[in-house]
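# Tertiary structure, described
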Amino acid sequence: MNRSTVWHPFTQHALEPPMTRIASTDGAYLIDENGNRLLDAISSWWVITHGHRHPKIMAAIRAATEAYDQIIFAEFSHEPAERLAQGLIEIAQPGLKHVFYSDSGSTAVEVAIKMALGYFHNRGEPRDRIVVMEGSYHGDTIGTMSAGERGVFNVAYEPLLFAVDRLTFPEAGREQDMLDRFETICRTSGVAALLIEPLVLGAGGMKIYEASLLASLKDIAVRFGCLLIADEVMTGWGRTGTMFACEQAGIAPDILCTSKGLTGGAIPLAATLATAEIFDAHLSTDRRKTFFHSSSYTANPIACAAAVANLEIWQEEPVLSRIETIEAAHRCNLARFAGDPRFANLRQAGTIAALDLVVPTGGYLAEVGQQMRALFRERGLLIRPLGNVLYLMPPYCLTAQEVDRAYDAIDEVASIVLERAR
Ligand SMILES: *Cc1c(COP(=O)(O)O)cnc(C)c1O
């Protein structure tokens, strides 16, 4: 068999079997070349919101290709980008007034960091400290890796990463420590921004914290004049039960990053939303105050048209009631594992549910995730545990029965790996 020349992401090719080729997608399913249907219980790495190939989004993409391909986005604009920006401002928290486009979650966050530093620089009061929460993930570029959790994933690149200040994750009982630490950092150094995943730290292990803490962090940020950057790349578009997770804390960030679900997951696009104050700090007859950022595919019209269709789906279809169906199905199923000694830390935020498999610690941790992944695949499910953390983040088209099926598989697979570990 010919070895593929493709180098896959987050893949140790020496240990992986050859990649399964997917021939098509349909709603909640990936269909491989042999016609096997795989239930996509993690929304293809958290991007697919409504389901694969939502007809309205596919139609919008087809229609857009009749008029557009890529168009230079300096000097020119186009209808899909204008409509989308307007639509985003309408659904975002009050105060967010300007939309800057890029093409991935990582670039949306890079843009946010640059906006924050540019804001202070242009006002003649430079600040350069970024504060983050321990265990966070913001992408895989040098800047976003710097802000994210350090570990095996980025040790080779460490010499190039810049220093940030880290707040310890607010485990129950440690909440005040975190708030106090943030205040101390704000007092002692020029903090430009708190960069945070609201409510759920995704790649860091689906760690969930109280919305009230986000509100308290915002209060401190306001007191010290530092900006709040909400990285809603994963939490946006209904994942946590509301359109954006910040809504649950009743706060408006100064900068909001969105990408994964922006086009319903169909095609890459990202947006960084900012307040008028931040935009205005870059508005000047002095060209040196320009916001110096661009990517070649900024505001791709086809992607923008897909995102406009996504906004229409949110307006026209019962998306929130589908989300409620999934929320309720998670709740029932998690309840069935309550008190089960195989699992710990059962938790849920909207359509995201997670539980830790109780395993002996040590190098075994990484291995158990791989084993479970293979066992899920054998059962026709795409579920990729993060080490011993099992989680589900399905597209909203899943039925309650399909959610139950995922938990049945978790039940079975957990017993198999724990039996093997004995
Ligand atoms: C996935 C993710 C990113 C990075 O997005 P990419 O599109 O993979 O670059 C950033 N922040 C959060 C919270 C994410 O979950």
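Conventions adopted
Residues numbered from 1 in each chain as written. Predicted model: local features only at pLDDT ≥ 70, side-chain atom pairs only at ≥ 80, totals over all residues. Heavy atoms only, no water. UniProt positions renumbered as here; feature names shortened; annotations may be inferred. Helix = DSSP H or I, 4+ residues; strand = E, 2+ residues; numbered from the N terminus. Contact = heavy atoms within 4.5 Å. Areas by Shrake-Rupley, 256 points an atom, 1.4 Å probe, with all protein chains shown as cover. Axes fitted to C-alpha atoms, helices over the stretch in contact; angles between N-to-C directions. Left-handed = near helix turned anticlockwise from the far one by under 90°. Nonpolar A, V, L, I, M, F, W, Y, C, P; charged D, E, K, R; others polar. Buried < 20%, exposed > 50% of the residue type's maximum accessible area, 1.4 Å probe, protein only. Pairing = 2+ DSSP bridges.

Per an unreviewed UniProt entry, the protein is named Adenosylmethionine-8-amino-7-oxononanoate aminotransferase, and its organism is Aliirhizobium smilacinae. Under the UniProt heading Pathway (unreviewed entry), the note attached to the protein is "Cofactor biosynthesis; biotin biosynthesis; 7,8-diaminononanoate from 8-amino-7-oxononanoate (SAM route): step 1/1." The annotation that UniProt attaches to the protein under Subcellular location (unreviewed entry) is "Cytoplasm".

A count of helical and extended segments in the protein gives 13 helices and 16 strands. Taken along its principal axes, the extent of the C-alpha atoms in the protein is 65 × 55 × 45 Å. Considering only contacts within the protein whose residues lie at least 6 apart along the sequence, 71% involve residues at least 24 apart. On the protein, roughly 19400 Å² of surface is accessible, and the fraction owed to carbon and sulfur atoms is 54%.

Here we take up the packing of helix α2 (residues 55-65) against helix α10 (residues 301-316). Between α2 and α10, whose axes approach to 8 Å, the crossing angle comes to 145 degrees. Crossing hand, α2 versus α10: right-handed. Of the residues in α10, those touching α2 at Lys56, Ile57, Ala60, Ile61, Ala64 and Thr65 are Ile302, Ala305, Ala306, Ala309, Asn310, Glu312, Ile313 and Glu316. When grouped by side-chain class, the residues that make up the contact of α2 with α10 number 9 nonpolar, 2 polar and 3 charged.

Okay, unusual backbone geometry next. Excluding glycine, most residues fall at negative phi; most peptide bonds, likewise, are trans. For tryptophan 45, which is not glycine, the phi torsion reads 60 degrees and is therefore positive. Within the secondary structure, tryptophan 45 sits in helix α1 (residues 43-46). Look at tryptophan 45 and you get partly exposed, because its relative accessible area is 38%. Even without glycine at this site, tryptophan 46 takes up a positive phi of about 75 degrees. Inspection of the secondary structure assignment puts tryptophan 46 in helix α1.

A word on the UniProt feature "modified residue: N6-(pyridoxal phosphate)lysine" (unreviewed entry) in the protein. When the UniProt feature table is mapped to this numbering, "modified residue: N6-(pyridoxal phosphate)lysine" (unreviewed entry) covers Lys260. Mapped onto the elements of the fold, lysine 260 is located in the loop between β11 (255-258) and β12 (270-275). Ignoring sequence-local partners within four residues, the contact set of lysine 260 consists of Trp45, Trp46, Val47, Val233, Met234 and Gly265.

Attention now goes to the pairing of strand β3 (residues 37-40). One ladder, built from 3 bridges, connects strand β2 (residues 29-32) with β3; its direction is antiparallel. Paired with isoleucine 31 across the strands is arginine 37, a residue of β3. Count of turn residues in the β2/β3 antiparallel hairpin: 4 residues, of which glycine 35 carries a positive phi of about 85 degrees. Looking at chain direction, β3 and strand β15 (residues 381-382) are connected through 2 bridges and run parallel. The residue of β15 that forms the bridge with leucine 39 is leucine 381.

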